[in-house]
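# Descriptive analysis of the structure
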Amino acid sequence: MYRQILYINKDDDEQISAMQRRPCIFYERINYCELYDDHDIINRFRISKATFSIILRLIEEEISPPSQRNRAILALCKLYMILRYLATGSFLLAISDLVGVIESSASRYIYQTCRAIAKQKQNFMSFSMNDVDIKTVVTGFYSRCRFPRVIGTIDCTHIKI
């Protein structure tokens, strides 16, 4: 946050060190849904504009800043960050540059938004526990894909270690 500045006193050949605060830089917040069409949004964030709007409506109240003081980061920008982070697996520095925040703030916002999305899991994820439904799912997986004894799947990315 601070940078050190050296002054050389010509009379005494003495170095004088002073601390100066770095100037604040405010970046323009970009609304990518207005900037890009649906195809580009899917390429960048892996979801459509309609799905983005649905997710934003579900979690907006929880991730919105309490006030607009000091150029607070809007829920829209926080959702852009988490979706880009999950879609690309990129470093926090690259994600923070996307919205124009510092890396530590990006980390906090990604955590906050991820928790808000995870709280919505009961609305979208369900595993039936009765025997009839389980047998129906197992039969469906086997008849379609020839996978025996499968009762559900999770979409994920495999990374070679």
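Before reading on, note that the structure itself is shown above.
In this text, all values refer to a predicted model and were calculated from it rather than measured experimentally.

What follows concerns the overall build of the protein. Scanning the protein for helices and strands turns up 8 helices and 2 strands. Its helices and strands taken in sequence order, the protein reads β-β-α-α-α-α-α-α-α-α from the N to the C terminus. A total accessible area of about 12900 Å² is found for the protein, and carbon and sulfur atoms account for 55% of it.

Applying the stated criterion across every chain yields a total of 2 salt bridges. Residue Lys 119 pairs with Glu 62 through a salt bridge whose shortest N-O separation is 2.9 Å. One end of the pair, Lys 119, is in the loop between α6 (103-118) and α7 (121-124); the other, Glu 62, is in helix α3 (residues 49-63), with 57 residues separating them in the sequence. On the basis of relative accessibility, which here comes to 36%, the residue Glu 62 falls in the partly exposed class.

Here the focus is the packing of aromatic side chains. Scanning the entire structure with this criterion turns up 5 aromatic pairs. Between Tyr 32 and Tyr 36, the ring centres sit 5.9 Å apart and the planes meet at 10 degrees, which makes this aromatic pair stacked. Over the aromatic face of Tyr 36 sits the side chain of Arg 44, whose NZ or CZ is 4.0 Å from the ring centroid. Over the ring of Tyr 142 we find Arg 146; its NZ or CZ atom is 5.5 Å from the centre of that ring.

The next subject is the nonpolar core. Phe 52, Leu 79, Tyr 80, Met 81, Leu 83 and Val 101 are the most contacted members of the largest nonpolar core, which totals 25 residues. Of all elements in the fold, only α1 (32-35), α2 (38-45), α3, α4 (75-88), α5 (92-99) and α6 reach the threshold of two or more residues within this core. It is α4 that contributes the most residues to this core, 8 residues altogether. Dropping the residues within four chain positions of it, Leu 79 is found in contact with Phe 52, Ile 55, Leu 56, Ile 59, Thr 113 and Ile 117.

Here we come to the side chain of Ser 96. Among the secondary structure elements, Ser 96 is positioned in helix α5. Here Ser 96 falls in the buried class, since its relative accessible area comes to 1%. Setting aside chain neighbours within four positions, we find Ser 96 in contact with Val 101, Ile 102, Glu 103 and Ala 106.

Scoring rules and cut-offs
- Residues numbered from 1 in each chain as written.
- Predicted model: local features only at pLDDT ≥ 70, side-chain atom pairs only at ≥ 80, totals over all residues.
- Heavy atoms only, no water.
- Helix = DSSP H or I, 4+ residues; strand = E, 2+ residues; numbered from the N terminus.
- Areas by Shrake-Rupley, 256 points an atom, 1.4 Å probe, with all protein chains shown as cover.
- Salt bridge = Lys/Arg side-chain N within 4 Å of Asp/Glu carboxyl O.
- Buried < 20%, exposed > 50% of the residue type's maximum accessible area, 1.4 Å probe, protein only.
- Phe/Tyr/Trp six-rings, centres within 6.5 Å; stacked < 30°, edge-to-face > 60°.
- Lys NZ or Arg CZ within 6 Å of the ring centre and 35° of its normal.
- Core = buried A, V, L, I, M, F, W, Y, C linked by side-chain atoms within 4.5 Å.
- Contact = heavy atoms within 4.5 Å.

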